[in-house]
Amino acid sequence: MTWSNWSGTVTATPRQVVAPVDAAAAAGVLARAVDSGRKVRPLGSGHSFSPIGQPTDIAVSVAALAGVRDHNLANGRVWVGAGTRLSHLNRALDTLGLALPNLGDIDRQTIAGAVATGTHGTGLGLFGIAAAVVGVELATASGEVLRCRPGDGTFEAARINLGALGIVSALELQTVPAFRLRAVEEQLPLAEVLADPHGFAASADHAEFFWFPHADTVATRRNHRDGADGDPLPRWREVLDDEVVTNGVFGLVNRVGAAAPRLVPSLNRLSARVMGSRTYTDRSHRVFCSPRRVRFVESEYAVPLDAVAAVLRELRAWYDRTRAPIQFPVEVRFVAADDVWLSGAYGRATAYVAVHQYAGSPVGESFDVFERIVAEHDGRPHWGKQHSLGVDRLREVHPRLDDFLAVRDRLDPARVLANPHLERILGA
Ligand SMILES: Cc1cc2nc3c(=O)[nH]c(=O)nc-3n(C[C@H](O)[C@H](O)[C@H](O)COP(=O)(O)OP(=O)(O)OC[C@H]3O[C@@H](n4cnc5c(N)ncnc54)[C@H](O)[C@@H]3O)c2cc1C
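The structure reproduced in this document is the subject of the present report.

Quick notes on the rules
Residues numbered from 1 in each chain as written. Predicted model: local features only at pLDDT ≥ 70, side-chain atom pairs only at ≥ 80, totals over all residues. Heavy atoms only, no water. Helix = DSSP H or I, 4+ residues; strand = E, 2+ residues; numbered from the N terminus. Rg over C-alpha atoms; globule rule 2.2 N^0.38 Å. Buried < 20%, exposed > 50% of the residue type's maximum accessible area, 1.4 Å probe, protein only. Contact = heavy atoms within 4.5 Å. Areas by Shrake-Rupley, 256 points an atom, 1.4 Å probe, with all protein chains shown as cover. Lys, Arg positive; Asp, Glu negative; His and termini not counted. Charge placed at Lys NZ, Arg CZ, Asp CG, Glu CD. 1 Å grid on protein atoms, 1.4 Å probe; cavity = no way out; pocket = protein on both sides within 12 Å on 5 of 7 lines; lining within 4 Å. Points joined across faces, edges and corners; volume = space filled by probe spheres on them. Nonpolar A, V, L, I, M, F, W, Y, C, P; charged D, E, K, R; others polar. Salt bridge = Lys/Arg side-chain N within 4 Å of Asp/Glu carboxyl O.

**Some points on the overall build of the protein**
- From N to C terminus, the protein includes 14 helices and 20 strands.
- Whereas a compact globule of 428 residues would reach a radius of gyration of roughly 22 Å, the protein reaches 21 Å, a difference of no more than 12%.
- Each principal axis of the C-alpha atoms in the protein carries an extent, and together these give about 60 × 45 × 40 Å.
- Taken across its 428 residues, the protein has 59% of its residues classed as buried.
- A separation threshold of at least 6 residues defines the contact pool for the protein, and within that pool the share at least 24 residues apart is 73%.
- Of the roughly 16,600 Å² of accessible surface on the protein, 52% is carried by carbon and sulfur atoms.
- Averaging the locations of the 46 positively and 47 negatively charged side chains of the protein gives two centres separated by 5 Å.

Below, the structure is given as C-alpha cells:
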C-alpha cells in the first residue's frame, strides 16, 4: 500500500496494514507491536497537511469502526465509531434531529482524525470540534481499553491527542438540536475589517473572511443561527458556485498563475471580485461544509484575537513589498477560549489565521515569513497543518504540553505510536 496525504506532500509505504474490528482488537495490535518493537500509526482520512498521520510501519485502519453506535435523545449524547467520516456523521445526526455545534469547512475527515488535531470552524462564542467530546474509548499500548471521562486524568489529553496516546475506537459527542443557518456572503474593504476585527467576529454566530494577497477587499462569510426561514441555494446555483466558480474557474486561474507568477497580483484582484454576494438558508452542515477540489498546501496558527489585525498588516506589507505570487487567500476565523489541553484556543479568545498556496506552485519563503510574524504574537500551530516548531518552542506556547507529555509517558512508554513528526513536536 502507498499512503499519501490529501495535498500529496507526504507519502509513505507502511510495511503492514491492519483493520481491527473492535477496540479489544485494536489494543491487541498495539500490545503485539510493543512486544515486537514495531511502530503503529492510526489512519484517518489523510487530510492533514503536516506529516502527523504518516505511517512508517504498521498502519491501522479504523474503517470498520464507523457509524453511530448509540444515542440518547434526552441529553443529546451520541457514541460514534472513530472511523466515521464527518459527512456520514452529519447526515446520521440530522436524521436523529441532532447536529454538531460547529464544523470546519469540509466533511471528508474521520471524527477521530478531526478531533486528534484540533479541527475547528469559526464562531466567537463557540469552540472547535474537540470541545464537543465528552467521552473517549481508547485502546492503549498495555493492551487495555479505557473509557475516558472528564476528570479521570486521561480524558483531558485524549481529546486533542495527536494520535500519540493510543488508538481511539469511539468518541462520545455532546450534540445540539439540529439547526439551520442563514448564510450571508459579501465583500468588504480589508481596512474596514482590520479596523475592528472583534466587531466583525461578533457580527454573526460564525464569521470569517478570506483575503487574496494584493487585493483591497475581503470576501466575508457570516452564518447566523437565527432560525430564519429561507431557501437553500437552488441546485444549479450550488453547482455553479461550488463546482464551476470555486473549483473549476479557480483551478484554471491557479494553473495560469502557476505558469506566469508575475500575473498573480492581478489574478488575485480578479478572484477577489468574482467572489460575489449571496444569501441563503440551509441545514447547518450543508452551510458549513463544501467541496475543495483544487489541491493546496496550508499553514495555520492560532493567535490571540487582539493580535489578528497586526498579523494581517505585517503579512500584507511583506506580500506587497515582495509581490509574492501567493495564489490562495488568507483565511481568518474566530473561536472562544476553551479548556482542551492542546487546543490553539486553550485559555484565550482566538483568531485562526491560515495561509495557503496552490499545490502546483512553490511556497517560497512565504510560510517561513508567516511563522516569524505569528511567533511575535505567541502563535500556536494547527496540529494538522504545516509548521516548523519543535517541542521546546511548543512548550512555550502551550501551557499544558508537559501535562500531555506526562500522560503520553504513562500510556505509551515504549513510543509504539511514534513517527518522525511526533518525535519532533513531542520529543523522543
Ligand atoms: C481541504 C481541507 C480542508 C480542511 N479544513 C479544515 C477546517 O476547516 N478546520 C480545521 O481545523 N482543519 C481543517 N483541515 C485539517 C483537517 O481537519 C485535519 O488535519 C484533520 O486531522 C484531518 O482528519 P483526518 O481524518 O484526515 O486525519 P489524518 O490527517 O489522517 O490524521 C490526523 C492525526 O489523527 C490520528 N488519528 C486518526 N485516527 C485516529 C484514531 N482512530 N486514533 C488515534 N489517532 C488517530 C492520526 O494518526 C494523525 O496523527 C482541512 C484539511 C483539508 C485537506
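This is not the end of the story, as more comes after the structure.
**Observations regarding empty space enclosed by the protein**
- Scanning the model with the defined rule gives five cavities of 30 Å³ or more in all.
- When its volume is computed, the largest cavity comes out at roughly 80 Å³.
- Forming the boundary of the largest cavity are 13 residues, of which L103, G104, T122, E208 and F288 lie nearest the centre.
- Taken together, the elements giving at least two residues each to the lining of the largest cavity come down to strand 14 (206–211), strand 15 (217–224) and helix 9 (284–288).
- In the lining of the largest cavity, the residues fall into three nonpolar, six polar and four charged.
- What the second largest cavity holds in volume is close to 70 Å³.
- Contributing to the lining of the second largest cavity are 14 residues, with G118, G128, D338, S343 and Y352 lying nearest its centre.

**Topic: the pattern of salt bridges**
- Per the counting criterion, the structure on display carries 27 salt bridges.
- For R159, the salt bridge goes to D339, with nearest N and O atoms at 3.5 Å. Here R159, found in the loop between helix 4 (155–158) and strand 11 (167–174), pairs with D339, found in the loop between strand 18 (330–335) and strand 19 (350–358); they are 180 residues apart in sequence, far enough to count as distant.
- Here D282 and R286 are joined by a salt bridge, their closest N and O atoms 3.0 Å apart.
- R286 gets classed as partly exposed once you look at its relative accessible area, which sits at 36%.
- Connected via shared salt-bridge partners are D105, R292, E298, E300, E331, R333 and K385.

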